[in-house]
Amino acid sequence: MYILDPNVLKPPMVYKIGYDTMNKVHYLIEDIPRFNEPVKYYGNIVKYSDHFFNTFNVSKGSMGVMLVGAAGTGKTLMSERIANLALSNGYKVVKVVNIKVDIALIDFIDSLGDTVVLLDEFAKNFYHDMQNKMLTTLSNDSGGKKLFIITENSKSMISPLIRNRPGRVRYRLYFGKLEKDVISEYCIDYHVKNTFTNELLELYDGSATFSFDHLQALVSEHLMYPNYTVKELIGILNLDILGGTKKYKLVEVEDLDGNMLDFTPHSIDYVEWFTDNDENYYYVNIKNKKLKEDSDDISNSRPNNIFSSGPISISYSKKNVKYSDDKEFIVETKKYKLKYVLTEDK
(Lines give C-alpha, C1' and ligand atoms only; values in the text may rest on other atoms or scores of the structure.)
Protein backbone atom coordinates (compact mmCIF):
# COMPACT_ATOMS: atom_id res chain seq x y z
CA MET A 1 0.00 0.00 0.00
CA TYR A 2 1.32 3.45 -0.92
CA ILE A 3 1.50 5.90 1.99
CA LEU A 4 1.23 9.53 0.95
CA ASP A 5 4.04 11.70 2.27
CA PRO A 6 2.50 14.03 4.90
CA ASN A 7 4.60 16.89 3.52
CA VAL A 8 2.46 16.76 0.37
CA LEU A 9 -0.70 17.46 2.42
CA LYS A 10 0.62 20.59 4.15
CA PRO A 11 -1.77 23.57 3.88
CA PRO A 12 -0.85 26.68 1.86
CA MET A 13 1.68 28.77 3.75
CA VAL A 14 5.41 29.50 3.63
CA TYR A 15 7.70 26.74 4.89
CA LYS A 16 11.38 26.17 5.43
CA ILE A 17 13.11 22.82 5.24
CA GLY A 18 14.52 21.14 8.31
CA TYR A 19 16.63 18.01 8.72
CA ASP A 20 16.30 15.31 11.38
CA THR A 21 19.89 14.16 11.94
CA MET A 22 18.84 11.13 13.98
CA ASN A 23 16.41 9.71 11.45
CA LYS A 24 18.21 11.32 8.50
CA VAL A 25 15.10 12.75 6.92
CA HIS A 26 14.01 16.19 5.75
CA TYR A 27 10.76 17.79 6.85
CA LEU A 28 8.85 21.05 6.46
CA ILE A 29 8.85 23.76 9.13
CA GLU A 30 6.08 26.35 9.25
CA ASP A 31 7.57 29.80 8.70
CA ILE A 32 5.03 32.56 7.92
CA PRO A 33 1.45 32.64 6.55
CA ARG A 34 2.51 34.76 3.56
CA PHE A 35 4.97 37.48 2.63
CA ASN A 36 4.40 41.11 3.49
CA GLU A 37 3.57 43.27 0.50
CA PRO A 38 4.16 46.99 -0.04
CA VAL A 39 1.28 49.45 -0.29
CA LYS A 40 2.14 49.89 -3.96
CA TYR A 41 4.32 48.12 -6.50
CA TYR A 42 6.36 50.18 -8.95
CA GLY A 43 7.68 49.34 -12.38
CA ASN A 44 6.83 46.01 -14.00
CA ILE A 45 6.64 43.81 -10.91
CA VAL A 46 2.87 43.31 -11.06
CA LYS A 47 2.84 42.84 -14.83
CA TYR A 48 5.47 40.13 -14.93
CA SER A 49 4.65 38.36 -11.67
CA ASP A 50 1.05 37.98 -12.89
CA HIS A 51 2.34 36.72 -16.23
CA PHE A 52 4.69 34.15 -14.72
CA PHE A 53 2.21 32.80 -12.20
CA ASN A 54 -0.70 32.67 -14.63
CA THR A 55 1.38 30.61 -17.06
CA PHE A 56 2.30 28.18 -14.30
CA ASN A 57 -1.24 27.98 -12.96
CA VAL A 58 -2.77 26.95 -16.28
CA SER A 59 0.07 24.65 -17.31
CA LYS A 60 0.04 20.93 -16.64
CA GLY A 61 3.64 20.57 -15.55
CA SER A 62 6.49 22.15 -13.62
CA MET A 63 8.06 25.43 -14.65
CA GLY A 64 10.94 27.70 -13.69
CA VAL A 65 11.48 31.45 -13.44
CA MET A 66 14.97 32.96 -13.24
CA LEU A 67 15.31 36.49 -11.84
CA VAL A 68 18.79 37.93 -12.34
CA GLY A 69 20.22 41.27 -11.20
CA ALA A 70 22.12 43.17 -8.54
CA ALA A 71 20.93 43.38 -4.94
CA GLY A 72 18.15 45.88 -4.31
CA THR A 73 16.73 45.84 -7.83
CA GLY A 74 13.46 44.05 -7.03
CA LYS A 75 14.16 40.32 -7.51
CA THR A 76 13.04 39.32 -4.04
CA LEU A 77 10.00 41.59 -4.18
CA MET A 78 8.86 39.92 -7.39
CA SER A 79 9.56 36.40 -6.15
CA GLU A 80 7.55 37.04 -2.98
CA ARG A 81 4.62 38.47 -4.94
CA ILE A 82 4.57 35.37 -7.17
CA ALA A 83 4.65 33.26 -4.00
CA ASN A 84 1.69 35.15 -2.53
CA LEU A 85 -0.27 34.63 -5.74
CA ALA A 86 0.44 30.93 -5.43
CA LEU A 87 -0.66 30.86 -1.78
CA SER A 88 -3.93 32.53 -2.74
CA ASN A 89 -4.46 29.75 -5.28
CA GLY A 90 -3.85 26.86 -2.89
CA TYR A 91 -0.15 26.15 -3.38
CA LYS A 92 2.29 25.85 -0.52
CA VAL A 93 5.58 27.76 -0.75
CA VAL A 94 8.92 26.30 0.35
CA LYS A 95 12.05 28.38 0.89
CA VAL A 96 15.37 26.60 0.47
CA VAL A 97 17.61 28.44 2.94
CA ASN A 98 20.21 27.60 5.59
CA ILE A 99 20.38 23.91 4.82
CA LYS A 100 22.96 21.57 3.34
CA VAL A 101 22.31 20.95 -0.33
CA ASP A 102 22.79 17.34 -1.39
CA ILE A 103 21.03 14.62 -3.36
CA ALA A 104 18.78 13.81 -0.40
CA LEU A 105 17.54 17.40 -0.28
CA ILE A 106 16.88 17.45 -4.03
CA ASP A 107 14.94 14.19 -3.74
CA PHE A 108 12.93 15.70 -0.89
CA ILE A 109 12.07 18.78 -2.94
CA ASP A 110 11.05 16.49 -5.78
CA SER A 111 8.59 14.70 -3.49
CA LEU A 112 6.73 17.74 -2.17
CA GLY A 113 3.77 17.63 -4.52
CA ASP A 114 2.30 20.83 -5.97
CA THR A 115 4.62 23.49 -4.57
CA VAL A 116 6.32 26.80 -5.27
CA VAL A 117 10.03 26.45 -4.46
CA LEU A 118 12.01 29.63 -3.72
CA LEU A 119 15.71 29.28 -4.54
CA ASP A 120 17.04 32.64 -3.40
CA GLU A 121 20.73 33.32 -4.07
CA PHE A 122 20.72 30.10 -6.02
CA ALA A 123 24.46 29.76 -6.69
CA LYS A 124 25.32 30.54 -3.07
CA ASN A 125 23.46 27.40 -1.97
CA PHE A 126 23.65 25.24 -5.09
CA TYR A 127 27.14 24.91 -6.49
CA HIS A 128 27.44 23.93 -10.14
CA ASP A 129 27.54 20.18 -9.47
CA MET A 130 24.36 20.42 -7.39
CA GLN A 131 22.75 22.71 -9.96
CA ASN A 132 23.35 20.06 -12.59
CA LYS A 133 21.82 17.43 -10.33
CA MET A 134 18.70 19.64 -10.15
CA LEU A 135 18.12 19.36 -13.91
CA THR A 136 15.70 16.46 -13.72
CA THR A 137 13.80 18.00 -10.81
CA LEU A 138 13.30 21.28 -12.68
CA SER A 139 11.30 19.53 -15.38
CA ASN A 140 10.02 16.48 -13.49
CA ASP A 141 6.27 16.28 -12.83
CA SER A 142 6.16 12.86 -11.17
CA GLY A 143 6.49 14.35 -7.69
CA GLY A 144 3.86 17.01 -8.32
CA LYS A 145 3.63 20.26 -10.23
CA LYS A 146 6.20 22.83 -9.12
CA LEU A 147 7.15 26.41 -9.83
CA PHE A 148 10.85 27.01 -9.20
CA ILE A 149 11.78 30.66 -8.65
CA ILE A 150 15.52 31.19 -8.94
CA THR A 151 17.11 34.49 -7.92
CA GLU A 152 20.77 35.26 -8.55
CA ASN A 153 22.96 38.35 -8.88
CA SER A 154 24.79 37.08 -11.95
CA LYS A 155 23.67 34.67 -14.65
CA SER A 156 27.27 33.49 -14.98
CA MET A 157 26.81 31.79 -11.59
CA ILE A 158 24.03 29.63 -13.02
CA SER A 159 24.90 26.42 -14.84
CA PRO A 160 24.87 26.66 -18.65
CA LEU A 161 22.74 23.52 -18.54
CA ILE A 162 20.01 25.66 -16.97
CA ARG A 163 20.54 28.90 -18.88
CA ASN A 164 18.97 29.16 -22.31
CA ARG A 165 16.91 26.03 -21.62
CA PRO A 166 13.23 27.10 -21.45
CA GLY A 167 12.22 23.47 -21.08
CA ARG A 168 13.81 23.58 -17.64
CA VAL A 169 13.47 27.26 -16.71
CA ARG A 170 10.87 28.88 -18.91
CA TYR A 171 11.39 32.53 -18.03
CA ARG A 172 14.44 34.71 -17.39
CA LEU A 173 14.09 38.34 -16.37
CA TYR A 174 16.98 40.76 -15.88
CA PHE A 175 16.79 43.46 -13.22
CA GLY A 176 19.00 46.41 -14.06
CA LYS A 177 18.76 50.14 -13.68
CA LEU A 178 15.44 51.34 -12.31
CA GLU A 179 13.02 52.75 -14.89
CA LYS A 180 13.29 56.53 -14.89
CA ASP A 181 9.56 57.16 -14.72
CA VAL A 182 9.43 55.20 -11.44
CA ILE A 183 11.45 57.97 -9.80
CA SER A 184 8.93 60.65 -10.76
CA GLU A 185 5.97 58.46 -9.79
CA TYR A 186 7.49 57.56 -6.43
CA CYS A 187 8.36 61.16 -5.64
CA ILE A 188 4.80 62.28 -6.43
CA ASP A 189 3.37 59.57 -4.17
CA TYR A 190 5.59 60.69 -1.29
CA HIS A 191 5.13 64.42 -1.88
CA VAL A 192 8.78 65.07 -2.60
CA LYS A 193 9.71 68.64 -3.55
CA ASN A 194 10.21 69.26 -7.25
CA THR A 195 13.74 70.54 -6.70
CA PHE A 196 14.75 67.31 -4.99
CA THR A 197 13.01 65.21 -7.62
CA ASN A 198 14.93 67.03 -10.35
CA GLU A 199 18.18 66.43 -8.49
CA LEU A 200 17.35 62.71 -8.32
CA LEU A 201 16.63 62.61 -12.04
CA GLU A 202 19.92 64.37 -12.76
CA LEU A 203 21.73 61.86 -10.55
CA TYR A 204 19.96 59.02 -12.36
CA ASP A 205 21.10 60.29 -15.75
CA GLY A 206 24.72 60.38 -14.60
CA SER A 207 24.76 57.05 -12.77
CA ALA A 208 25.46 53.65 -14.21
CA THR A 209 23.20 51.94 -11.68
CA PHE A 210 20.19 53.15 -9.77
CA SER A 211 18.03 50.70 -7.87
CA PHE A 212 14.73 50.96 -6.03
CA ASP A 213 16.68 50.56 -2.78
CA HIS A 214 18.69 53.66 -3.69
CA LEU A 215 15.52 55.61 -4.42
CA GLN A 216 13.86 54.57 -1.17
CA ALA A 217 16.91 55.46 0.89
CA LEU A 218 17.33 58.91 -0.67
CA VAL A 219 13.64 59.82 -0.46
CA SER A 220 13.32 58.55 3.10
CA GLU A 221 16.32 60.64 4.14
CA HIS A 222 14.98 63.67 2.27
CA LEU A 223 11.62 63.48 4.07
CA MET A 224 13.44 63.51 7.41
CA TYR A 225 15.97 66.18 6.39
CA PRO A 226 14.34 68.27 3.63
CA ASN A 227 17.07 70.93 3.59
CA TYR A 228 19.73 68.52 2.35
CA THR A 229 20.54 68.27 -1.33
CA VAL A 230 20.93 64.91 -3.09
CA LYS A 231 24.66 65.47 -3.26
CA GLU A 232 24.84 66.06 0.49
CA LEU A 233 22.83 62.93 1.24
CA ILE A 234 25.04 60.81 -0.98
CA GLY A 235 27.99 62.09 1.02
CA ILE A 236 26.65 60.45 4.18
CA LEU A 237 24.53 57.53 2.97
CA ASN A 238 25.98 54.09 2.22
CA LEU A 239 25.56 54.56 -1.54
CA ASP A 240 29.10 54.53 -2.90
CA ILE A 241 27.98 53.39 -6.33
CA LEU A 242 26.04 56.63 -6.70
CA GLY A 243 28.89 58.79 -5.56
CA GLY A 244 29.30 60.50 -8.91
CA THR A 245 32.04 60.10 -11.49
CA LYS A 246 35.76 59.95 -10.98
CA LYS A 247 38.12 61.63 -13.40
CA TYR A 248 41.00 59.62 -14.80
CA LYS A 249 43.65 60.61 -17.31
CA LEU A 250 45.25 58.44 -19.95
CA VAL A 251 48.97 58.64 -19.17
CA GLU A 252 50.62 55.74 -20.99
CA VAL A 253 49.97 53.81 -24.20
CA GLU A 254 52.11 50.94 -25.45
CA ASP A 255 51.70 48.38 -28.20
CA LEU A 256 51.90 44.64 -27.77
CA ASP A 257 55.67 44.72 -28.35
CA GLY A 258 56.10 47.05 -25.38
CA ASN A 259 56.84 50.16 -27.45
CA MET A 260 55.60 53.39 -25.86
CA LEU A 261 53.41 55.39 -28.25
CA ASP A 262 52.89 59.10 -28.56
CA PHE A 263 49.35 60.25 -27.98
CA THR A 264 47.41 63.34 -27.03
CA PRO A 265 46.62 63.20 -23.30
CA HIS A 266 42.99 63.58 -22.44
CA SER A 267 40.87 63.41 -19.30
CA ILE A 268 37.89 61.11 -19.05
CA ASP A 269 34.88 60.78 -16.82
CA TYR A 270 34.93 57.36 -15.24
CA VAL A 271 31.83 55.59 -13.92
CA GLU A 272 32.54 52.80 -11.45
CA TRP A 273 31.87 49.10 -12.10
CA PHE A 274 28.33 48.24 -12.91
CA THR A 275 26.42 45.33 -14.36
CA ASP A 276 24.65 45.54 -17.70
CA ASN A 277 23.03 42.29 -18.83
CA ASP A 278 25.40 40.49 -16.52
CA GLU A 279 28.63 41.79 -18.09
CA ASN A 280 30.93 44.03 -16.05
CA TYR A 281 32.36 47.11 -17.72
CA TYR A 282 34.26 50.28 -17.17
CA TYR A 283 32.12 52.90 -18.89
CA VAL A 284 34.04 56.05 -19.77
CA ASN A 285 33.18 59.23 -21.59
CA ILE A 286 36.01 60.94 -23.45
CA LYS A 287 35.29 64.66 -23.58
CA ASN A 288 35.55 66.40 -26.94
CA LYS A 289 37.04 63.36 -28.64
CA LYS A 290 35.79 60.83 -31.13
CA LEU A 291 37.32 58.19 -33.33
CA LYS A 292 38.42 59.19 -36.81
CA GLU A 293 37.69 55.73 -38.14
CA ASP A 294 36.09 52.49 -37.09
CA SER A 295 38.29 49.91 -35.45
CA ASP A 296 38.18 46.19 -34.80
CA ASP A 297 39.78 46.91 -31.44
CA ILE A 298 37.79 46.51 -28.24
CA SER A 299 35.24 49.29 -27.69
CA ASN A 300 36.45 50.90 -30.94
CA SER A 301 39.06 52.72 -28.88
CA ARG A 302 42.62 53.26 -30.11
CA PRO A 303 45.11 55.94 -29.10
CA ASN A 304 47.60 57.97 -31.11
CA ASN A 305 46.15 60.07 -33.93
CA ILE A 306 42.78 58.36 -34.02
CA PHE A 307 40.86 60.90 -31.95
CA SER A 308 39.19 63.99 -33.36
CA SER A 309 36.64 66.42 -32.00
CA GLY A 310 33.30 65.32 -30.59
CA PRO A 311 32.35 63.30 -27.49
CA ILE A 312 32.14 59.51 -27.47
CA SER A 313 31.47 56.80 -24.91
CA ILE A 314 33.50 53.61 -24.75
CA SER A 315 33.35 50.57 -22.52
CA TYR A 316 36.12 48.28 -21.35
CA SER A 317 35.05 44.75 -20.48
CA LYS A 318 36.14 43.56 -17.06
CA LYS A 319 38.12 40.72 -18.60
CA ASN A 320 40.34 43.28 -20.35
CA VAL A 321 41.11 45.24 -17.19
CA LYS A 322 44.33 43.65 -15.98
CA TYR A 323 44.79 45.81 -12.91
CA SER A 324 42.63 48.33 -11.07
CA ASP A 325 42.30 50.21 -7.82
CA ASP A 326 40.94 53.60 -6.80
CA LYS A 327 43.95 55.45 -8.23
CA GLU A 328 44.57 53.77 -11.57
CA PHE A 329 43.50 51.05 -13.96
CA ILE A 330 45.23 49.33 -16.86
CA VAL A 331 43.33 48.06 -19.88
CA GLU A 332 44.67 45.61 -22.46
CA THR A 333 42.87 45.76 -25.80
CA LYS A 334 43.65 43.71 -28.89
CA LYS A 335 46.43 46.09 -29.92
CA TYR A 336 47.31 48.32 -26.99
CA LYS A 337 47.83 48.61 -23.26
CA LEU A 338 46.38 51.80 -21.80
CA LYS A 339 47.09 53.15 -18.33
CA TYR A 340 44.70 55.60 -16.66
CA VAL A 341 45.39 57.38 -13.37
CA LEU A 342 43.09 59.34 -11.06
CA THR A 343 43.26 63.10 -11.51
CA GLU A 344 41.64 66.12 -9.90
CA ASP A 345 41.46 67.96 -13.21
CA LYS A 346 38.19 69.73 -13.86
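Look above for the structure.
My aim in this report is to walk through the structure given alongside it, one point at a time. (Residues numbered from 1 in each chain as written. Predicted model: local features only at pLDDT ≥ 70, side-chain atom pairs only at ≥ 80, totals over all residues. Heavy atoms only, no water.)

The subject of this paragraph is the overall build of the protein. Summing up its helical and strand segments, the protein has ten helices and 16 strands in all. The 346 residues of the protein split such that 45% are buried. For the protein, the share of sequence-separated contacts (at least 6 apart) that also reach a separation of at least 24 residues comes to 65%. Summing over all exposed atoms, the protein offers an accessible surface of approximately 18600 Å²; the carbon and sulfur share of this is 49%. (Helix = DSSP H or I, 4+ residues; strand = E, 2+ residues; numbered from the N terminus. Buried < 20%, exposed > 50% of the residue type's maximum accessible area, 1.4 Å probe, protein only. Contact = heavy atoms within 4.5 Å. Areas by Shrake-Rupley, 256 points an atom, 1.4 Å probe, with all protein chains shown as cover.)

Attention shifts here to helix α2 (residues 75-88). Given a rise of 1.5 Å per residue, 14 residues ought to cover 20 Å, and the 20 Å separating the end C-alpha atoms of α2 matches this to within 8%. Burial in α2 covers these residues: Lys 75, Met 78, Ser 79, Arg 81, Ile 82, Ala 83, Asn 84, Ala 86 and Leu 87. One or two positions beyond α2, positive phi appears at Gly 90, with a value near 95°. (Expected span 1.5 Å × (residues − 1).)

Taking 1.5 Å of rise per residue, 13 residues should cover 18 Å, and helix α9 (residues 212-224) covers 18 Å from first to last C-alpha, within 8% of that figure. The set of residues buried in α9 consists of Phe 212, His 214, Leu 215, Leu 218, Val 219, Glu 221 and His 222. In this structure, the buried residues of α9 make contact with α7 (180-189), α8 (194-205) and α10 (230-236). Here α9 starts with a cap whose side-chain oxygen sits 3.3 Å from the backbone nitrogen of Asp 213, and that cap is Ser 211. (Polar contact = N/O pair within 3.5 Å; in protein donor to acceptor, adjacent residues only side chain to side chain.)

Most of strand β6 (residues 146-152) sits out of view: seven of its seven residues are buried. What you see with β6 is no split at all: Lys 146, Phe 148, Ile 150 and Glu 152 on one side and Leu 147, Ile 149 and Thr 151 on the other are buried throughout. Relative to β6, strand β3 (residues 63-69) is paired through six bridges, and the arrangement is parallel. Opposite Gly 64, over in β6, you have Phe 148 as the bridge partner. Inspection of the sheet shows strand β5 (residues 115-119) paired to β6 by five bridges, in the parallel sense. Opposite Val 117, over in β6, you have Phe 148 as the bridge partner. (Pairing = 2+ DSSP bridges.)

Counting 28 residues, the largest nonpolar core has Ile 17, Val 96, Leu 119, Phe 126 and Ile 162 as the members making the most contacts within it. Among the elements of the structure, β1 (14-20), β3, α3 (103-110), β5, α6 (135-139) and β6 are those that each provide at least two residues to this core. With four residues, the single largest contributor to this core is α3. Ignoring sequence-local partners within four residues, the contact set of Ile 17 consists of His 26, Tyr 27, Leu 28, Ile 29, Val 94, Lys 95, Val 96, Ile 99, Leu 105, Phe 108 and Ile 109. If you look at the next biggest cluster of nonpolar residues, it comprises 24 residues, including Val 65, Ala 86, Val 116 and Leu 118. (Core = buried A, V, L, I, M, F, W, Y, C linked by side-chain atoms within 4.5 Å.)

Once that is clear, we can look at the side chain of Asp 110. Residue placement: Asp 110 occurs in helix α3. It turns out Asp 110 is buried and unbridged, and the closest side chain with the opposite charge, Lys 146, is 4.5 Å from it. (Lys, Arg positive; Asp, Glu negative; His and termini not counted. Salt bridge = Lys/Arg side-chain N within 4 Å of Asp/Glu carboxyl O.)

This brings us to the packing of helix α1 (residues 45-58) against α2. The description of two packed helices rests on the angle between their axes and on the distance between the axes. Contact pair α1 / α2: the axes reach a minimum separation of 9 Å and the direction vectors enclose 45°. Relative to α2, α1 is oriented oblique. When you trace α1 past α2, the crossing you get is right-handed. Contacts between α1 and α2 involve Ile 45, Val 46, Tyr 48, Ser 49, Asp 50, Phe 52 and Phe 53 from the first element and Leu 77, Met 78, Arg 81, Ile 82, Leu 85 and Ala 86 from the second. Residue composition of the contact of α1 with α2, grouped by class: ten nonpolar, one polar and two charged. (Axes fitted to C-alpha atoms, helices over the stretch in contact; angles between N-to-C directions. Parallel < 35°, antiparallel > 145°, perpendicular 65-115°, else oblique. Left-handed = near helix turned anticlockwise from the far one by under 90°. Nonpolar A, V, L, I, M, F, W, Y, C, P; charged D, E, K, R; others polar.)

Below, the discussion takes up the packing of aromatic side chains. Across all of its chains, the model carries twelve aromatic pairs by this definition. Between Tyr 42 and Tyr 186 the ring centres are 5.2 Å apart and the planes differ by 65°, which places this aromatic pair in the edge-to-face class. Of the two residues, Tyr 42 sits in the loop between β2 (25-32) and α1 while Tyr 186 sits in helix α7, which places them 144 residues apart along the sequence. You can call Tyr 186 buried: its relative accessible area is 6%. Ring plane angle 25° and centroid distance 5.1 Å describe the contact between Phe 122 and Phe 126, whose orientation is recorded as stacked. We classify Phe 122 as buried; its relative accessible area is 1%. Among the aromatic side chains, those forming a connected cluster through ring pairs are Tyr 42, Tyr 186, Tyr 190 and Phe 212. (Phe/Tyr/Trp six-rings, centres within 6.5 Å; stacked < 30°, edge-to-face > 60°.)

Here the focus is the sheet that holds β1. Strand order in the open sheet formed by seven strands is β2-β1-β4-β5-β6-β3-β7, and the pairing between neighbours is mixed. This sheet does not close on itself; its edge strands, each paired only once, are β2 and β7 (171-175). Taken pair by pair, the neighbouring strands of this sheet meet at an average axis angle of 25°, ignoring direction. As defined by bridge partners, β3 adjoins β7 across five bridges and the pair is classed as parallel. Bridging across to β7, Val 65 finds its partner in Tyr 171.

The subject of this paragraph is a nonpolar patch on the surface. A contiguous nonpolar patch, built from Met 224, Tyr 225, Tyr 228 and Ile 236 and spanning about 430 Å² of accessible area, is present on the exposed surface. Here Tyr 225 shows up in the loop between α9 and α10. Since its relative accessible area comes to 39%, Tyr 225 is described here as partly exposed. (Patch = residues over 30% accessible without salt bridge, like charges linked within 9 Å, V, L, I, M, F, W, Y side chains within 5 Å.)

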